[in-house]
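For reference, the chains in residue letters:
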Protein chains: 2
Amino acid sequence: MTEAKGSFTNLSELGEFGLIEHISKQFKTANKSSLTGIGDDAAVIDAMGKKTIVSSDMLVEGVHFDLSFHPLKHLGYKAVVVNLSDIYAMNAHPSQILVNIALSNRFSLEAIDELYSGMKLACKIYGVDLIGGDTTSSNSGLVISITAIGHADEQNIVYRSGAKENDLLCVSGDLGAAYLGLQVLEREKKIFLEHPGIQPDLSGNEYIIERQLKPEARKEIIEKLTEKGVKPSAMIDISDGLSSEIIHICRASGTGCDIYEDKIPIDPQAINRAEEFRLDPTVCALSGGEDYELLFTIRQADYEKLREEVDISIIGHIKEESSGINMISRGGSLVKLTAQGWDALLNK
Amino acid sequence: MTEAKGSFTNLSELGEFGLIEHISKQFKTANKSSLTGIGDDAAVIDAMGKKTIVSSDMLVEGVHFDLSFHPLKHLGYKAVVVNLSDIYAMNAHPSQILVNIALSNRFSLEAIDELYSGMKLACKIYGVDLIGGDTTSSNSGLVISITAIGHADEQNIVYRSGAKENDLLCVSGDLGAAYLGLQVLEREKKIFLEHPGIQPDLSGNEYIIERQLKPEARKEIIEKLTEKGVKPSAMIDISDGLSSEIIHICRASGTGCDIYEDKIPIDPQAINRAEEFRLDPTVCALSGGEDYELLFTIRQADYEKLREEVDISIIGHIKEESSGINMISRGGSLVKLTAQGWDALLNK
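Residues numbered from 1 in each chain as written. Chains lettered and ligands numbered in written order. Predicted model: local features only at pLDDT ≥ 70, side-chain atom pairs only at ≥ 80, totals over all residues.

**Thoughts on the packing of helix α2 (residues 72-88) of chain A against helix α3 (residues 109-126) of chain A**
Residue and element names in this part refer to chain A.
- The contact between α2 and α3 brings their axes to 6 Å, and the two run at 40°. Here α3 runs oblique to α2, going by the angle between their axes. At the point where α2 passes α3, the crossing takes the right-handed sense. Contacts between α2 and α3 pair Leu-72, Lys-73, His-74, Leu-75, Gly-76, Tyr-77, Ala-79, Val-80, Val-81 and Leu-84 from the former with Ala-111, Glu-114, Leu-115, Tyr-116, Ser-117, Gly-118, Met-119, Leu-121, Ala-122, Cys-123 and Tyr-126 from the latter.
- The residue inventory of the contact of α2 with α3, partitioned by class, reads 15 nonpolar, four polar and two charged. (Axes fitted to C-alpha atoms, helices over the stretch in contact; angles between N-to-C directions. Helix = DSSP H or I, 4+ residues; strand = E, 2+ residues; numbered from the N terminus. Parallel < 35°, antiparallel > 145°, perpendicular 65-115°, else oblique. Left-handed = near helix turned anticlockwise from the far one by under 90°. Contact = placed C-beta atoms within 7 Å. Nonpolar A, V, L, I, M, F, W, Y, C, P; charged D, E, K, R; others polar.)

Set out below in structure tokens:
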């Protein structure tokens, strides 16, 4: 499914060095801090007086993506974005990435070009340089491992651990859509495999599918917070689901919290689809993951600065540790939040 | 082959967060530049006025290692070392690593502990902090992707591109042994599979097997060069084989070179084993790879400073580009060097 008809270049004709050269040509550095890029044992970065922020993530075929419905270009884009999201979640700005990929010889050069074209687009949109990495063989699936590097002034860095009692818990954008997009894609794949004549019908699901296949990192939220003069007290990106991210912040900060079910932002398309799949939209938001929105806490004094931001929802507040980590349901009952993420989604 | 008898902890009992917590506890940071380690979206590093050097490598089961003869502890050690080697090859000192691993549920917690204990040992010996990474599922084999970060003053960094005509081409240690160690391990594995009663006989091959299973990065060569006041004009580590590394330096520097076959350092154990396998020891040194020695060029004026170093061999000199990249054989004939590495070893 990853290749259209036509003539393709076998990777073994090109060899490792040919492939590296082919990829290098497409990535010129633009950031002043990228002193050297691809082409030596290591790349050289100038922190220019700032602290260096670094994060690394791995995407595995069959675990994190399914190439039968994930176009390679989108996959390359997503692989970069999910790494940048971790840097933004520190209130820092990404400037470089290193990309390691392992791939089997079922991939043609054209397929690799598709993958890298998505990475290139993400680099361009987010202003990031690809400065190195490793390209190697694999006996089976595609594995993408990316390290993102960013910089920030020390006093601007936001950790998970800074939340304090009475802080407001905020979330950007909306939640649960990426998970529901995946449910639609998996359903249509199943129908297609059983009835190859039927074309997948994705109409009416465009938003949630895009949230799954081509998520964005919330750069503009970081910029907005800076512009408004708000430094969050704690922040994390929502990769595993709201519930486990809230627990991360509360544990790291030594606090509890209350969130309100009716304040969790969920897109109408996601709500409709959840109902169709007989899923609770709130559970999708709490445990679905892959939304790559930002979850952060702010001092109550900063509330006025953000109250008119439509893309930021206040969903609850931080309490003392002993009160636990809870959601007040629509019906008014108190539900303990539990960590999900990997455990729930991969072992289901 | 990766587990002894006994009782093992299934990874699914622990879950992702449990596993991360389990690993984090074993890695405390020691370097001043490691401001934060595992436990947030990203780690924070202080470049402390220096340039940051960063490199990333991937090791894939079945391609780069065979767990039937590669003990997990050694593998963890090697995975770290091959990345540090890239940082030393820039004449820089590694200070942090990020480790991404993908593993299937055939690995127990005890197996993962073995892997990380090797990483921990390498971190301790080389003075490096493990500050982050990602742990994820895989449907089949083990994939390890490591990013190494180091620091150096700008004027000390050595690139591949600085070699000049008449510079001397030097190599540390000896070459070809890691490749021959692999040949012995593969032979013994084959015998064992065909005749399970016969115990592998590795005696007399200890050195070459250790070179394959537990290589070292040449930190002390970098320290020696600094101590002697020698800054190489170009440098690279020998991961793919002497031949392709020489070509990398010559191409990046826009030069040619002559090396002398009889100057290539090869250990007697490697020579004996090569003869037994009817392999040419020189070809093993040129194309075997995985020696992780350093190949570097120095100005002729620095020759006296290094002439008594037994662990450094001068194997040739840099010439003008038009003269090509050649080896003068023992018999006195001129042989053009060709790039090998991945192409030769993985597609054979």
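**Re the pairing of strand β3 (residues 93-103) of chain B**
Residue and element names in this part refer to chain B.
- In terms of burial, β3 is a largely internal element, eleven of the eleven residues being buried.
- Taken together, the nine bridges between β3 and strand β5 (residues 143-152) define a ladder with antiparallel strand orientation. Pairing of Leu-98 across the sheet is with Thr-147, part of β5.
- Here β3 runs beside strand β4 (residues 129-137); their pairing, made up of eight bridges, is parallel. Along β4, the bridge assignment pairs Gln-96 with Asp-129.
- In the classification by handedness, the crossover that spans β3, the intervening helix α3 (residues 109-126) and the parallel β4 is right-handed. (Buried ≥ 20, exposed ≤ 12 C-beta atoms within 10 Å, placed from the backbone. Pairing = 2+ DSSP bridges. Right-handed = clockwise from strand over helix to strand, strands pointing away.)

**Digging into unusual backbone geometry**
Residue and element names in this part refer to chain B.
- Despite not being glycine, Glu-290 has its phi angle at roughly 65°, a positive value.
- On the neighbour-count criterion, Glu-290 (21 C-beta atoms within 10 Å) is buried.
- Here the phi dihedral of Tyr-292 falls at roughly 55°; this positive angle occurs in a residue that is not glycine.
- Mapped onto the secondary structure, Tyr-292 falls in the loop between α9 (281-287) and β9 (294-298).
- Among the residues examined, Tyr-292 registers 24 C-beta atoms within 10 Å and is labelled buried.

**Some details on the relation of the copies chain B and chain A**
- Mapping chain B onto chain A calls for a screw motion: a turn of 180° about the axis and a shift of 0.0 Å along it, with 0.0 Å RMSD after fitting. Both copies are brought into coincidence by an operation consistent with a two-fold rotation axis.
- Taken together, the interface assignments show that 100% of the residues at the interface of chain B recur at the interface of chain A, consistent with an identical surface on both copies. (Least-squares fit on C-alpha atoms with pLDDT ≥ 70 in both.)

**So, the interface of chain B and chain A**
- The interface is formed by 55 residues belonging to chain B together with 55 residues belonging to chain A.
- By residue number, the principal contributor to the side of chain B that touches chain A is strand β2 (residues 51-60) of chain B, which donates nine residues.
- Per-class residue counts for the side of chain B that touches chain A are 25 nonpolar, 19 polar and eleven charged.
- Direction of pairing for strand β1 (residues 43-46) of chain A relative to β2(B): antiparallel, over a ladder of four bridges. Note that in β2(B) the partner of Ala43(A) across the bridge is Val54(B).

**Points about the environment of Ile318(A)**
All names here are of chain A.
- For Ile-318, the location among the structural elements is in strand β10 (residues 312-320).
- In this structure Ile-318 comes out as buried when scored by C-beta crowding, with 25 C-beta atoms within 10 Å.
- A C-alpha to C-alpha distance of 4.9 Å links Ile-318 and Glu-165, two positions 153 residues apart in sequence.
- In this structure, Ile-318 is in contact with Ala-163, Lys-164, Glu-165, Asn-166, Asp-167, Leu-169, Thr-255, Cys-257 and Thr-297, ignoring residues within four places of it in sequence.

**Some points on the sheet that holds strand β2 (residues 51-60) of chain A**
- Spatial strand order, β4(A)-β3(A)-β5(A)-β2(A)-β1(B): five strands in an open sheet with mixed pairing. Edge positions in the sheet fall to β4 (129-137) of chain A together with β1 (43-46) of chain B, since each of these pairs with one other strand and no more. Pairs of neighbouring strands in the sheet enclose a mean axial angle of 20°, with direction left out of account.
- Seen against the sheet, α2(A) touches β2, β3 (93-103) and β5 (143-152) of chain A and runs at an angle of roughly 35° to β5(A).

**Side note on helix α8 (residues 268-276) of chain B**
Residues and elements named next belong to chain B.
- Of the residues making up α8, those classed as buried are Ala-270, Arg-273 and Ala-274. Projection of α8 onto a plane perpendicular to its axis shows the buried side chains occupying an angular sector of 105°, all on one side. Seen from the open side of α8, the exposed residues pointing more than 90 degrees away from its buried face are Pro-268 and Glu-275.
- Close packing links the buried residues of α8 with α4 (177-194), α5 (206-213) and α9. (Arc of directions from axis to C-beta.)

**Quick look at the environment of Phe69(A)**
Residues and elements named next belong to chain A.
- Following the sequence through the fold, Phe-69 ends up in the loop between β2 and α2.
- The exposure class assigned to Phe-69 is buried, which follows from the 20 C-beta atoms found within 10 Å.
- Leave out the neighbours within four places in its chain, and Phe-69 touches Leu-185 and Lys-189.

**Here we look at the sheet that holds strand β12 (residues 334-336) of chain B**
Residue and element names in this part refer to chain B.
- Across the sheet, seven strands lie side by side as β7-β9-β6-β10-β8-β11-β12; this open sheet has mixed pairing. Unpaired on one side and paired on the other, β7 (234-237) and β12 mark the two borders of the sheet. Each strand axis lies, on average, 25° off the axis of its neighbour in the sheet, ignoring direction.
- With five bridges joining them, strand β8 (residues 255-260) and strand β10 (residues 312-320) adopt antiparallel strand pairing. Directly across from Cys-257, in β10, lies its bridge partner Ile-318.
- With respect to the sheet, helix α7 (residues 242-253) is in contact with β6 (168-172), β7, β8, β9 and β11 (325-328), its orientation differing from that of β8 by roughly 150°.

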